[in-house]
Structure formats: C-alpha cells, structure tokens
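Structural overview
Chain by chain, the residues run as shown.
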Amino acid sequence: MILAAMCIMLGIDSGFAQSGSSFDASPLVNPGDHVTYGSYIIYKIGDGVYKINDPGVTTGKGGAWGVDMYLICGENKALMIDLGNNYIEGYEKDLIAPRKNAANELCEVIYGLTGELPLEIAITHAHPDHDGMTAAFVNRNVDFWIGKGEDIAALKTQHHIDSSVFMVFTPGEKIFDLGGERIVETFLVRGHSNGGTVYLLKNDKLLFTGDALGSGFGQSFRSVDRLRLVAEDAQKLVDYIKASYAPYDRYTLRVYTGHTWQNVYGGFLYPEKEKVDVGYLDWRFIQDVASCANGIFKGNWLVESSGLSHIGKMAYTDCWPGAAGQAIMVYGIGTIIVPLNVAYEAAGLKMPE
Ligand SMILES: [Zn+2]
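Reading the values: the criteria
- Residues numbered from 1 in each chain as written.
- Predicted model: local features only at pLDDT ≥ 70, side-chain atom pairs only at ≥ 80, totals over all residues.
- Heavy atoms only, no water.
- Helix = DSSP H or I, 4+ residues; strand = E, 2+ residues; numbered from the N terminus.
- Buried < 20%, exposed > 50% of the residue type's maximum accessible area, 1.4 Å probe, protein only.
- Donors = N, O, S within 2.8 Å, 3.2 Å for Na, K, Ca; no water.
- Tetrahedral: all angles 85-135°; square planar, octahedral: opposite > 155°, others 65-115°.
- Salt bridge = Lys/Arg side-chain N within 4 Å of Asp/Glu carboxyl O.
- Pairing = 2+ DSSP bridges.
- Phe/Tyr/Trp six-rings, centres within 6.5 Å; stacked < 30°, edge-to-face > 60°.
- Patch = residues over 30% accessible without salt bridge, like charges linked within 9 Å, V, L, I, M, F, W, Y side chains within 5 Å.
- Areas by Shrake-Rupley, 256 points an atom, 1.4 Å probe, with all protein chains shown as cover.
- Core = buried A, V, L, I, M, F, W, Y, C linked by side-chain atoms within 4.5 Å.
- Contact = heavy atoms within 4.5 Å.

It is worth spelling out the environment of Thr114 at this point. Relative to the helices and strands, Thr114 resides in helix α3 (residues 102-114). Among the residues examined, Thr114 registers a relative accessible area of 0% and is labelled buried. For the pair Thr114 and Ile241, spaced 127 residues apart in the sequence, the C-alpha separation amounts to 29 Å.

Right, here's the structure in full:
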C-alpha cells in the first residue's frame, strides 16, 4: 500500500500535474479499481502496478481491437511495459486514425501515476500495436528498451521513429531493479517475433507476456521454425517458473497479456463459444500453451487420449484477418493457430490428401 500511495502522492505534486494535467489517479485505491481518461481505461492491478487499457474499436483491424500497456512503480523508478497503438500519427494498415492530443493524454496518465520517479520503457516486441506511442516519450529523458533479436528498424517503417532511441538488451540477462524489492526479470519467448520478451515481477507474482503466447484465443505460427521456437521457449518458461516458485506460490501467478479482451474466450475463438468471466490468465495458461505447441510436434492431435485437439479452422475476422483458414489446436486453455500442413510437417507426418 505504501508504494501505491507514494506513486499517487508524487503524481499530485509532480511538475507535470502543474502543467494542467487533469488525470486524477485517486480513485485507484484497491486492485481492480479503474478510471477512464480520454482513450484509456486505467486499472490498478497491484500495489503500484497498473494496466493501461486501450479498449479499441471493432471498426479497425488487428491491434485496433484493443491493446494493453502496463506500469510498475518501484521506490526508485518506474517501468512501463509496451506502448500500445499509435494514435499520434495513426496506423493505416490497422485502419487507425490519429487522435487529437494523443501524446499528451497518455503522458498525463503515465506521469500522473509515476510522479517524479524516473521512467524506463521496455517493449515486449516491435509490432505496431505495442510500440505505437513511442513518440510521446521521446525527449522526455526516458530510457527505451527492446529485446535483442527484435526488428529494431520496424520503429522507423511503422511509426517514422529513429530506432536509435531504443537500447537493446538481452532477454534473460537484463533485470530491471525498480527499488523497494521490485525486481523485474526478463525472459525470451520467440516465435511470434524474434526477440519477444516476457517480464516477470517476481515478488508480486505478476507475469507480462505481450503476444508471445497469445492472449487467450491463440497465437498463430506459420512455419515449423516459428512453432519450434515457441515450443522450446515456452517450455523453458514453464521450467523456469517451476524452479523459481514453490508450488503454492506459482498457482497464484497472474498473467497479463497484450490483448486482455481476448482472455474471455478462454482457449479459442469460436463464434458460439461462451465467454468466461476473467480479467487475467494464470499459470495453467502458460503450461497449456507450452503443451499445445509441443504436442503438435508429437502429432498428438491425432491421438484422442493426449488432450490435444484439432477443433476446426479459423473463420475470417477483422480482429485477426491473417489467421483465416488455419487450424485451431487446443490443449486446455492453450491454443495454437497453425496451417494444418505445418502441423503435419512439424510432426514428421504426411498430410492426408
Ligand atoms: Zn499485439
């Protein structure tokens, strides 16, 4: 509670507040409390930890349907994870138009929560719906971080930002020590991208996975190589969590993904499927995605007792146009979307005619 109170008090006293910020963080008292500010809904999800949700619109494509950013305040600094959609310039491919005052609006929220704490920003991956608001924080004395292996040049092509504002770190080696025993560890999970980073706020048992494992209704891997990367890296993540926490501790791990609106589909996107009442995922999700990916390599969707099922193929949706026609593989609440021929190739099997 002390950290949260400090963050909010600093916010009220900060230089930024004096420049006319009207963002008021005071309603964020207990976990689950939320407040709307402009385009964003800000949720308190822990002591000094916040989810900044862009609820999105269904008239766009891909990331336009909604995306989440996260903020962790320590005693000495604050770490923001991801930078959402670009509402400064807009992003044409996802049919996202610029919004008035977009940069200021997000800054008011973030600095309203961090106050005078120095801010660092790290992205999970360099896709346009996760690095979109970079320009809002350039020239504000912020350290930007990107995982080694990510396509750093994408910043330029997507958003016309000089990629050199980002510093490259090695996921697995880099640790963000925010003070007050707030240690954020980094972990490499490739497949969706080449240097995808998952962040673990260890003592609080909060895991931020971006899009590396999907957000509930599956993640797509279009080649055997990409599927192998996620199968291996997700399994390493499972092993690491097992080694890092006692059983009862890891059962309470909370998993925050890049697109939490997908959490409610609880496993896969199917029009008739009843949605679940859930605001974050858990340890079972991590295990199930790893089991799903690894099960495909064993050809387990053809083995009825394995728990892995091939339940159909993706219909076309505006939220995920590129997945149309691919096979839906489900293991518990873990889902992988994969072209069926890639699944057969991964399993070393000949695809039936
Ligand atoms: Zn995304």
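Ligation of the zinc ion by protein atoms is provided by Asp129 (OD), His130 (NE2), Asp211 (OD) and His259 (NE2), these donors lying 2.0 to 2.3 Å from the ion. Considering all four donor atoms around the zinc ion, angles at the metal cover 88 to 160° and the coordination shape is irregular. All donors of the zinc ion come from a single chain, and their spacing in sequence reads D-H-x80-D-x47-H. Taken as a pair, His130 in the loop between β6 (119-122) and α4 (134-137) and His259 in the loop between β14 (254-257) and β15 (281-282) lie far apart in primary sequence, 129 residues in all. A residue is classified by how much of its surface remains accessible, and His130, at 0% relative accessible area, is buried.

Once that is clear, we can look at the pattern of salt bridges. Scanning all chains against the criterion turns up eight salt bridges. Of the charged contacts in the structure, one is a salt bridge between Glu120 and Lys77, with a shortest N-O distance of 2.7 Å. Of this pair, Glu120 sits in strand β6 while Lys77 sits in the loop between β4 (67-73) and β5 (78-81), and the two are 43 residues apart along the sequence. Its relative accessible area of 8% is what places Glu120 among the buried residues. We classify Lys77 as partly exposed; its relative accessible area is 23%. In this structure, the salt-bridge partner of Asp225 is Arg228, at a minimum N-O distance of 3.8 Å. Of this pair, Asp225 and Arg228 both sit in helix α6 (residues 224-244), three residues apart, which is roughly one turn of the helix. Among the residues examined, Asp225 registers a relative accessible area of 55% and is labelled exposed. According to the relative accessible area criterion, Arg228 is partly exposed, its value standing at 37%.

A word on the pairing of strand β12 (residues 206-210). In terms of residue burial, β12 counts as a mostly covered element, since five of its five residues are buried. Covered by surrounding structure in β12 are Leu206, Phe208 and Gly210 together with Leu207 and Thr209, the residues of both alternating faces. Where strand β11 (residues 197-201) lies against β12, three bridges are found, and the strand directions are antiparallel. Each residue of the ladder has a partner; that of Leu200, found in β12, is Leu207. Examined bridge by bridge, β12 and β14 share four bridges and lie parallel to one another. Following the sheet pairing, Gly210 is matched in β14 by Thr257.

What follows covers the packing of aromatic side chains. One pair of aromatic rings is described through two measures. These are the centre distance and the angle between the planes. All chains considered together, the criterion is met by 20 aromatic pairs. Their ring planes at 80° and their centres at 5.9 Å tell us that Trp145 and Phe176 sit as a pair that is edge-to-face. Pair noted here: Trp145 is in strand β7 (residues 143-147) and Phe176 is in strand β9 (residues 175-177), with a separation of 31 residues, a long-range link. No difference in accessibility class separates Trp145 from Phe176, as the two residues are buried.

Looking now at a nonpolar patch on the surface. A cluster of nonpolar side chains, namely Leu302, Val303 and Leu349, defines an oily patch on the protein surface of about 240 Å² accessible area. Relative accessible area serves as the criterion here: at 38%, Leu349 is assigned to the partly exposed category.

Okay, the pairing of strand β3 (residues 49-54) next. Regular strands place their side chains on alternate faces of the sheet. With six of its six residues buried, β3 lies for the most part within the structure. Side chains Val49, Lys51 and Asn53 project from β3 onto one buried face, and the interleaved Tyr50, Ile52 and Asp54 project onto a second face that is buried too. Relative to β3, strand β2 (residues 40-46) runs antiparallel, the two sharing five bridges. Residue Ile42 lies in a different strand from β3, and its bridge partner there is Ile52. Where β2 hands over to β3, the hairpin turn is made up of two residues, of which Gly48 adopts a positive phi near 70°. One ladder, built from six bridges, connects β3 with β4; its direction is antiparallel. When the bridges of β4 are listed, Lys51 appears paired with Tyr70.

Glancing now at the nonpolar core. Among the nonpolar cores identified, the biggest contains 41 residues, and Ile42, Ile52, Leu71, Met80, Leu119 and Phe137 are the most heavily contacted of them. It is α3 that contributes the most residues to this core, seven residues altogether. Contact partners of Met80, with chain neighbours within four places excluded, come to Met69, Tyr70, Leu71, Leu106, Ile110, Leu119, Glu120, Ile121, Ala122 and Phe137.

Now for the sheet that holds β9. Spatially, the six strands line up as an open sheet ordered β9-β10-β11-β12-β14-β15, and their pairing is mixed. Among the strands making up the open sheet, the edge pair consists of β9 and β15. Judged from the two bridges that link them, β14 and β15 form a sheet pairing that is antiparallel. Each residue of the ladder has a partner; that of Arg254, found in β15, is Asp282.

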